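Here are the chains, one letter per residue:
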Amino acid sequence: MVVFVCAVNNSILSGCCSQGLRMEKDKRAERIENVKSAMLAMQRHSWEQGVAAQALLEMRQTDLVIQFAKEAVLRQGSDGRLANIGNDHGVTDPACVGQAVLVAATITHDSDAERCR
């Protein structure tokens, strides 16, 4: 109905369609924030830490990426695997957070993170 009305009357087009897009954008932003909050509240394994950090990288949430990277480095095992939580024996899983650590090291010049380069 709105599309039809907008197509019939160009003066309404700018008002109704932009308002509809703004409402849609607001709902999308709210949904993204809800999902991000849920993601941040969960305990995760190393691969989940990496996937979450990658999502934050893509959202340009560098402050959170840096926090994820610091946590991954704090949980680094003696064998160099990052983000060790519990009995996670995966060999490749800890590498998932590698890009976040690299970006964080580049931004902060943190010597602990740079050591992982």
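Residues numbered from 1 in each chain as written. Predicted model: local features only at pLDDT ≥ 70, side-chain atom pairs only at ≥ 80, totals over all residues. Heavy atoms only, no water.

Visitor: Got a minute to help me understand the overall build of the protein in this structure?
Guide: If you tally the helices and strands in the protein, you get six helices and zero strands. Along the protein, helices (α) and strands (β) appear in the sequence α-α-α-α-α-α when read from the amino end. Every one of the 117 residues in the protein was classed for burial, and the buried ones make up 27%. Sequence separation of at least 24 residues holds for 48% of the intrachain contacts in the protein that already meet a minimum separation of 6. Accessible surface, the protein as shown: approximately 8100 Å² in total, 56% of it carbon and sulfur. (Helix = DSSP H or I, 4+ residues; strand = E, 2+ residues; numbered from the N terminus. Buried < 20%, exposed > 50% of the residue type's maximum accessible area, 1.4 Å probe, protein only. Contact = heavy atoms within 4.5 Å. Areas by Shrake-Rupley, 256 points an atom, 1.4 Å probe, with all protein chains shown as cover.)

Visitor: For this particular structure, what's the right way to read the nonpolar core?
Guide: Taken as a class, soluble globular proteins show a tendency for nonpolar side chains to be buried jointly. Leu56, Ala72, Leu82, Val97, Ala100 and Val101 are the most contacted members of the largest nonpolar core, which has 18 residues in total. Looking at this core, the elements with two or more residues in it are helix 3 (46-58), helix 4 (62-74) and helix 5 (98-108). When residues of this core are assigned to their parent elements, the largest contribution, seven residues, is made by helix 4. (Core = buried A, V, L, I, M, F, W, Y, C linked by side-chain atoms within 4.5 Å.)

Visitor: Hey, could you run me through the pattern of salt bridges in this one?
Guide: Charged atoms that come close allow side chains of opposite charge to pair. A full pass over the atoms with the stated rule returns three salt bridges. Between Glu33 and Lys36 there is a salt bridge; the shortest N-O distance is 3.4 Å. Taken together, the positions of Glu33 and Lys36, both in helix 2 (residues 10-41) and three residues apart, correspond to about one turn of that helix. Its relative accessible area of 11% is what places Lys36 among the buried residues. In this structure, Glu71 engages Arg75 in a salt bridge whose closest nitrogen and oxygen atoms are separated by 2.5 Å. (Salt bridge = Lys/Arg side-chain N within 4 Å of Asp/Glu carboxyl O.)

Visitor: Looking at this structure, how should I read the confidence of the model for the protein?
Guide: Low-pLDDT stretches of the model should not have their predicted coordinates read in fine detail. This prediction gives the protein a mean pLDDT of 78; 74% of its residues lie at or above 70. For the stretch residues 1-16, pLDDT sits under 50, and the model shows eight contacts to residues farther than four places along the chain or on other chains. (pLDDT = per-residue confidence, 0-100.)

Visitor: Before we go on, may I ask you to explain the packing of helix 4 against helix 5 in this structure?
Guide: Between two packed helices, the angle of one axis relative to the other and the distance separating the axes together describe the packing. At a minimum axis separation of 8 Å, helix 4 and helix 5 run at an interaxial angle of 110°. Accordingly, the angle class assigned to the pair helix 4 and helix 5 is roughly perpendicular. In the packing of helix 4 onto helix 5, the handedness of the crossing is left-handed. Side by side, helix 4 and helix 5 meet where Thr62, Val65, Ile66, Ala69, Ala72 and Val73 of the first sit next to Ala100, Val101, Ala104, Ile107 and Thr108 of the second. Among the residues making up the contact of helix 4 with helix 5, the classes are represented as nine nonpolar, two polar and no charged. (Axes fitted to C-alpha atoms, helices over the stretch in contact; angles between N-to-C directions. Parallel < 35°, antiparallel > 145°, perpendicular 65-115°, else oblique. Left-handed = near helix turned anticlockwise from the far one by under 90°. Nonpolar A, V, L, I, M, F, W, Y, C, P; charged D, E, K, R; others polar.)

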